[in-house]
Amino acid sequence: MEKVLLFICTASALCVVSSLPARQYHFVYDPKNWTEAQSYCRDMFTDLATIDNMEDVETLNNMADLDSYKYRAWIGLYNNVSSWSWSMSDSGFYKDNETQLRNWAYNQPDNFQGRECCVVMVANGEWSDVPCSLPFPSVCADVKGQEVTFTYVTEEMTFPEAQSYCRANHTDLACIRNMAENQKIHKLIPAGQSTWIGLFRDCWKWVDGSNSSFTYWNTDEPGGADQYCAAAYFAASGKWADWTCEWKRASICYSAPVLKQVVRVKLKRSSFLDLDDAAVQEDLLKQLKQKLKNQGVKTSIKLSWRTQNDGKIFHNDKEQDKF
Ligand SMILES: [Ca+2]
């Protein structure tokens, strides 16, 4: 007599869920310059270390093996000295190479003490890089199409304050496309005064793109005009110092540890879907992944089925056979 499978009420399988919740640090003691260290970290792990908080600092202090790498190790913090850009980024405002106009004063930009990321127009109309936190008057711009008018603002503000002020009350801080505009602004400025214009760059930033604002600089650091890469100094509790990127030293990489979780998935089905078909199994994983995303799971997830001892993935929980 032919055996007819009437229906499978439920079938179940084990599904392995992986997610990437936090970073795990790895010291690399073979000396490398900062760029080599970053490549190595990206090849072998995720990237050079980002350090977010005092817990991370503590973890690194506990891991550090002081004898073998002379106390200092590269981290993923660097000073991007060539990233100058204008506060007003609308490309329609600039013709050809107008975003590239620079009118630096002699020996500027010099990134003095490693912390000059914003630009003032100095008394003679030339430009100089200065720390963004210093108070200066500013020049705002009102833009209508290609037309621009400039307004001198006497009140002294930091660069971020001046930028917010100009954006709230005008169009933006003055962005200078040509020497004629530079001349117009220069004429507005009282003799001997330096004022903010809209040129700035990324200061110290994390190479993995993290926007953590946590800092742990050692005393008087950063301090070097030509030191664009940061290392943690484990003779001073892992505090940071800027160094010449070409120096060879140990480095700290990080990777996101894989958290594995095994869950039993129960399926109800009303048709004769072939659960042993690889394409069906793959499709089910896709649907499960989408469901997890819909439920707000934000970390990176990899799903896979676990094969049991009998070589099968799905097992019937209850079969009703009829003869
Ligand atoms: Ca300077």
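What you see is a predicted model; the values in this text were computed from it and never measured. (Residues numbered from 1 in each chain as written. Predicted model: local features only at pLDDT ≥ 70, side-chain atom pairs only at ≥ 80, totals over all residues. Heavy atoms only, no water.)

Caption draft 1: Looking closely at the coordination of the calcium ion. Distances from the calcium ion to its protein donors, namely Gln108 (OE1), Asp110 (OD), Glu116 (OE), Asp129 (O) and Asp129 (OD), fall within the range 2.1 to 2.5 Å. Each donor residue of the calcium ion lies on the same chain, and together they follow the pattern Q-x1-D-x5-E-x12-D. Judged by its relative accessible area of 29%, Asp110 falls in the partly exposed class. Its relative accessible area of 7% is what places Glu116 among the buried residues. (Donors = N, O, S within 2.8 Å, 3.2 Å for Na, K, Ca; no water. Buried < 20%, exposed > 50% of the residue type's maximum accessible area, 1.4 Å probe, protein only.)

Caption draft 2: Up close: the environment of Lys239. Along the polypeptide, Lys239 turns up in strand 15 (residues 239-243). Since its relative accessible area comes to 27%, Lys239 is described here as partly exposed. Sequence separation between Lys239 and Trp217 is 22 residues; the distance between their C-alpha atoms is 5.4 Å. Ignoring any residue separated from it by four or fewer positions in sequence, one finds Lys239 in contact with Tyr216, Trp217, Asn218, Ala231, Ala232 and Tyr233. (Helix = DSSP H or I, 4+ residues; strand = E, 2+ residues; numbered from the N terminus. Contact = heavy atoms within 4.5 Å.)

Caption draft 3: Summary view of the packing of aromatic side chains. Under the counting rule described, the total for this entry stands at 17 aromatic pairs. Ring geometry for Trp86 against Trp127: centres 5.6 Å apart, planes inclined by 85 degrees, an arrangement best described as edge-to-face. Of this pair, Trp86 sits in strand 6 (residues 85-86) while Trp127 sits in strand 8 (residues 127-130), and the two are 41 residues apart along the sequence. Exposure remark for Trp86: the relative accessible area of 6% places this residue in the buried category. Classification of Trp127 as buried rests on a relative accessible area of 0%. An angle of 80 degrees between the planes, with centres 6.1 Å apart, marks the rings of Trp104 and Trp127 as edge-to-face. Here Trp104 is found in the loop between strand 6 and strand 7 (118-121), whereas its partner Trp127 is found in strand 8, with 23 residues between them in sequence. Site record: aromatic cluster; members linked through ring pairs are Trp204, Trp206, Phe214, Tyr216, Trp217 and Trp240. Sitting over the ring of Tyr40, Lys32 keeps its end group 4.5 Å from the ring centre. Cation over ring: Arg249 sits above Trp243, and NZ or CZ is 4.8 Å from the ring centre. (Phe/Tyr/Trp six-rings, centres within 6.5 Å; stacked < 30°, edge-to-face > 60°. Lys NZ or Arg CZ within 6 Å of the ring centre and 35° of its normal.)

Caption draft 4: A look at helix 3 (residues 159-169). Phe159, Ala162, Gln163 and Cys166 are the residues of helix 3 that are buried. The buried residues of helix 3 occupy an angular sector of 100 degrees when projected down its axis, which confines them to one face. (Arc of directions from axis to C-beta.)

Caption draft 5: Local environment of the side chain of Asp242. Structurally, the position occupied by Asp242 is in strand 15. Although Asp242 lies buried, it forms no salt bridge, and the closest oppositely charged side chain, Arg115, sits 7.3 Å away as judged by the N-O distance. Within the structure, the side chain of Asp242 is placed 3.0 Å from the backbone nitrogen of Gly223, a separation counted as a polar contact. Only 2.8 Å separates the side chain of Asp242 from the backbone nitrogen of Gly224, close enough to count as a polar contact. (Lys, Arg positive; Asp, Glu negative; His and termini not counted. Salt bridge = Lys/Arg side-chain N within 4 Å of Asp/Glu carboxyl O. Polar contact = N/O pair within 3.5 Å; in protein donor to acceptor, adjacent residues only side chain to side chain.)

Caption draft 6: Main features of the pattern of salt bridges. On inspection of all chains with the given rule, the structure shows 8 salt bridges. The residue Asp30 makes a salt bridge to Lys32 at a minimum N-O spacing of 3.1 Å. The class of Asp30 is partly exposed, set by a relative accessible area of 46%. Three or more residues are tied together by salt bridges with common partners; here these are Arg23, Asp52 and Asp56.

Caption draft 7: Summary view of unusual backbone geometry. That bond from Gln108 to Pro109 is cis: its omega, -5 degrees, falls within 30 degrees of zero. Following the sequence through the fold, Pro109 ends up in the loop between strand 6 and strand 7. Note the cis peptide between Glu221 and Pro222, where omega equals -5 degrees. Structurally, Pro222 is set in the loop between strand 13 (204-206) and strand 14 (229-233). You will see that Asp96, though not glycine, has its phi angle at about 25 degrees, which is positive. Within the secondary structure, Asp96 is located in the loop between strand 6 and strand 7.

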